[in-house]
Amino acid sequence: MSQPRSFQRGAGTLAVTLLLLFGMSAAALYVNRSLLFEQRVAADQVRSATAFEVAEAGLEWATGMLNSPNDIDTSCNPLTSALKSFRKLYVLTKFNDATNPSSAVIPATNVMPGCRIGSNGALTCSCPAVPNTGSAVAALGTSATPSFTISFATVPGETEAVQITSWGCTASSSVCTSTNASSADGSAHVTAILKLKPTLRAAPASPITCGTSCTIGGSFNIVNTDVSTNGILVNAGTTITSGNGVTMTSVPGLPTQNALVGSDSSLSALSSSDPTCNNSSMFNAYFGSTLAQYKADPSTKSISCSSTSDCKNQIDAAYQAGWRSFYFDTDFQLSGNSTLGSQHDPVTLVTPNALKINGTWDVYGLIFSNDADWNDLGTGSAIIHGAQVSCAAYRNNGNGTVTYDADALQNLRRTSGVYVRVPGSWRDFN
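Residues numbered from 1 in each chain as written. Predicted model: local features only at pLDDT ≥ 70, side-chain atom pairs only at ≥ 80, totals over all residues. Heavy atoms only, no water.

A. Quick peek at the overall build of the chain. Looking only at helices and strands, the chain has seven helices and 25 strands in total. By residue count, 46% of the 430 residues in the chain fall in the buried class. Contacts in the chain between residues far apart in sequence, at least 24 positions, make up 59% of those at least 6 positions apart. Carbon and sulfur atoms provide 54% of the accessible area of the chain, an area that totals close to 19,700 Å². (Helix = DSSP H or I, 4+ residues; strand = E, 2+ residues; numbered from the N terminus. Buried < 20%, exposed > 50% of the residue type's maximum accessible area, 1.4 Å probe, protein only. Contact = heavy atoms within 4.5 Å. Areas by Shrake-Rupley, 256 points an atom, 1.4 Å probe, with all protein chains shown as cover.)

B. Structural context of the packing of aromatic side chains. In this structure the tally under the stated criterion is 13 aromatic pairs. Judged by centre distance (5.9 Å) and plane angle (65 degrees), the ring pair of Phe287 and Tyr294 falls under edge-to-face. Comparing Phe287 with Tyr294, the two get one shared label, buried. For the ring pair Phe326 and Phe328, a centre distance of 6.5 Å and an interplane angle of 25 degrees mean the geometry is stacked. Owing to a relative accessible area of 0%, Phe328 belongs among the buried residues under this scheme. Taken together, the aromatic side chains of Trp61, Phe86, Tyr90, Phe148 and Phe152 make up a single cluster linked through ring pairs. The aromatic ring of Tyr319 is capped on one face by Arg324, whose charged end is 3.7 Å from the ring centroid. (Phe/Tyr/Trp six-rings, centres within 6.5 Å; stacked < 30°, edge-to-face > 60°. Lys NZ or Arg CZ within 6 Å of the ring centre and 35° of its normal.)

C. Molecular detail of empty space enclosed by the protein. Applying the stated criterion to the full structure yields one cavity of 30 Å³ or more. The volume enclosed by the largest cavity comes to roughly 140 Å³. Forming the boundary of the largest cavity are 15 residues, of which Ser68, Pro69, Gly322, Thr415 and Ser416 lie nearest the centre. Its residues assigned to classes, the lining of the largest cavity shows three nonpolar, nine polar and three charged. (1 Å grid on protein atoms, 1.4 Å probe; cavity = no way out; pocket = protein on both sides within 12 Å on 5 of 7 lines; lining within 4 Å. Points joined across faces, edges and corners; volume = space filled by probe spheres on them. Nonpolar A, V, L, I, M, F, W, Y, C, P; charged D, E, K, R; others polar.)

D. Spatial organisation of the environment of Val350. In this fold, Val350 is placed in strand 19 (residues 347-351). With relative accessibility at 0%, the residue Val350 sits in the buried group. Separated by 17 residues in sequence, Val350 and Ile367 have C-alpha atoms that sit 6.0 Å apart. For Val350, the residues in contact, after removing those within four places along its chain, are Phe283, Phe287, Leu291, Tyr294, Phe326, Tyr327, Phe328 and Phe368.

E. Representation of unusual backbone geometry within the structure. Positive phi is not limited to glycine here, since Cys76 has a value of about 70 degrees. With respect to the element layout, Cys76 can be found in the loop between helix 1 (5-66) and helix 2 (86-90). Although it is not a glycine, Ser263 sits at a positive phi angle of roughly 50 degrees. Along the chain, the position of Ser263 falls in the loop between strand 14 (260-261) and helix 3 (265-273).

F. Representation of the nonpolar core within the structure. Membership of the largest hydrophobic core comes to 37 residues, with the highest contact counts inside it found for Ile208, Phe326, Phe328, Phe332 and Leu349. The element contributing the most residues to this core is helix 6 (residues 308-320), with four residues. Apart from the residues within four sequence positions on either side, Ile208 is in contact with Cys214, Ile216, Phe220, Ile222, Leu233, Val234, Asn235, Gln388, Tyr394 and Val402. Formed by 33 residues, the second largest nonpolar core is a distinct cluster that contains Met65, Cys76, Cys115 and Val190. (Core = buried A, V, L, I, M, F, W, Y, C linked by side-chain atoms within 4.5 Å.)

G. View of the sheet that holds strand 9 (residues 214-216). Read across the open sheet, the three strands follow the order 12-9-23; overall the sheet is parallel. The open sheet is flanked by strand 12 (240-242) and strand 23 (394-396), the only strands paired with a single partner. Averaged over all pairs of adjacent strands, the angle between their axes in this sheet comes to 5 degrees, without regard to strand direction. Relative to strand 23, strand 9 runs parallel, the two being bridged by three bridges. (Pairing = 2+ DSSP bridges. Axes fitted to C-alpha atoms, helices over the stretch in contact; angles between N-to-C directions.)

H. How the structure looks around the pairing of strand 6 (residues 158-172). Of all 15 residues in strand 6, 11 are buried; the element is thus mostly enclosed. Pairing analysis gives 10 bridges linking strand 5 (residues 145-155) to strand 6, with the strands arranged antiparallel. In the sheet register, Ala153 faces strand 6, and the bridge partner there is Gln163. Between strand 5 and strand 6, which pair antiparallel and follow one another directly, the connecting turn spans two residues, one of which, Gly157, has a positive phi of 80 degrees. When strand 6 meets strand 7 (residues 187-197), the two strands line up antiparallel, connected through nine bridges. From the neighbouring strand, Gln163 faces strand 7, where its bridge partner is Ile193.

I. Molecular detail of the side chain of Asn411. By secondary structure assignment, the location of Asn411 is in helix 7 (residues 406-415). One polar contact links the side chain of Asn411 to the main-chain carbonyl oxygen of Gln343, over a distance of 2.8 Å. (Polar contact = N/O pair within 3.5 Å; in protein donor to acceptor, adjacent residues only side chain to side chain.)

J. How the structure looks around the environment of Thr149. One can find Thr149 in strand 5. Among the polar contacts listed, one links the side chain of Thr149 to the backbone oxygen of Cys176, at a separation of 2.4 Å.

K. A look at the sheet that holds strand 2 (residues 114-117). Strand order across the open sheet formed by six strands is 3-2-5-6-7-25, with antiparallel pairing between neighbours. Whereas interior strands pair on both sides, the edge strands pair on one side only; in this sheet they are strand 3 (123-126) and strand 25 (418-421). Each adjacent strand pair in this sheet contributes to an overall mean axis angle of 30 degrees, direction not counted. Pairing analysis gives four bridges linking strand 2 to strand 3, with the strands arranged antiparallel. Bridge pairing in strand 3 links Arg116 to Thr124.

L. Examining the state of the cysteines more closely. Here the structure, examined in full by the defined rule, presents six disulfides. Here Cys169 pairs with Cys176 through a disulfide, and the sulfurs are 2.0 Å apart. Between Cys169 and Cys176 the disulfide shows an S-S torsion of about 60 degrees. By sign, it is right-handed. Take Cys169 and Cys176: they sit in the same class, and that class is buried. The side chain of Cys305 participates in a disulfide bridge whose partner is Cys311; the two sulfur atoms lie 1.8 Å from each other. Here Cys305 and Cys311 share a disulfide; its torsion about the S-S bond, 105 degrees, makes the bridge right-handed. Here Cys305 matches Cys311 in class, with each residue buried. Described in terms of the sequence order of its bonded cysteines, the disulfide pattern of the chain is 1-4, 2-3, 5-6, 7-8, 9-12, 10-11. (Disulfide = S-S within 2.5 Å.)

In structure tokens:
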């Protein structure tokens, strides 16, 4: 029995309607699925980008810490008592080991300092001590906030470079390291090689170097038994004059007069091109920068002294805080008895004015004076272990001693230079 036509038309309409509804639902499900997929991809991209930025922040933090002269505590905060800087703690690990050269870059490969980044952008950091055995990782708590840790490695064939890897994670209760980064919502790591840009580019080859004339009087002692410098005692752009009370000691077998190198053409050319010492020509020859650039360097402590006691107090406080490079806007003047620096940990003292040291001081490192007239070691018995350079003329009438110390000058390169990224060394892959 056939169905009425009206019924057939109604059934057909219902079928079409059901098909349309099914198609619309399928389309809606498809669109919704696409939206969910895009949201997940966008969320993954946000986590990935955040982790990458955290890792890059860690690399910048480590570079800044390496270039900070301050001694630090276990929270990576500056201290006012001499312990160890970030550089000495993690890169110059043999700094106080007498059996190893303090100048060698020997990074700690078993420790990972790092920081957590708070919601307000503030850093909570941890700089653990380097263990004799085993390993140590930054203690950063368990708050679910972004964090990064830093690891160090040697660079084959480079004694003045270090490889730094920064691991960055998004919100994770675990500290972000190479072993647990995969447990975080997002993780990334970046690597770069940092190489030292030394404060002292070229060490002087004699205890006393003068741009023009050197006049040495009083009961003064000049010593250079370093064979690599041929035992040169005084190097001058023009004349060298010494008094009867001056004692000179060079390498065995070398006559004293042969150790006095005057009328040096390279020095006289520098002094002639910059007779007022305003253009830093002499300074640039040894430091590779101008006086203004040296003063502005983040590792340089600028000091203005009102008296000899004021100079001593400011230098002592800065040295105890970790500073090793100094710039004096005024005359560099000292009196009393004290020791500044050591052969392992020397200092650089620079002034555009005069040098005046009285009393019994032991200074390890390099002293540079840009004064165009004269410099004076005073009437005390100061001892300089390293070298002294004057832009123009030098004259002294004291009872001190300048002993050439090649090791102290070499160590200046590692302890007071600036670490910079090597172009092309940055990468975010293994």
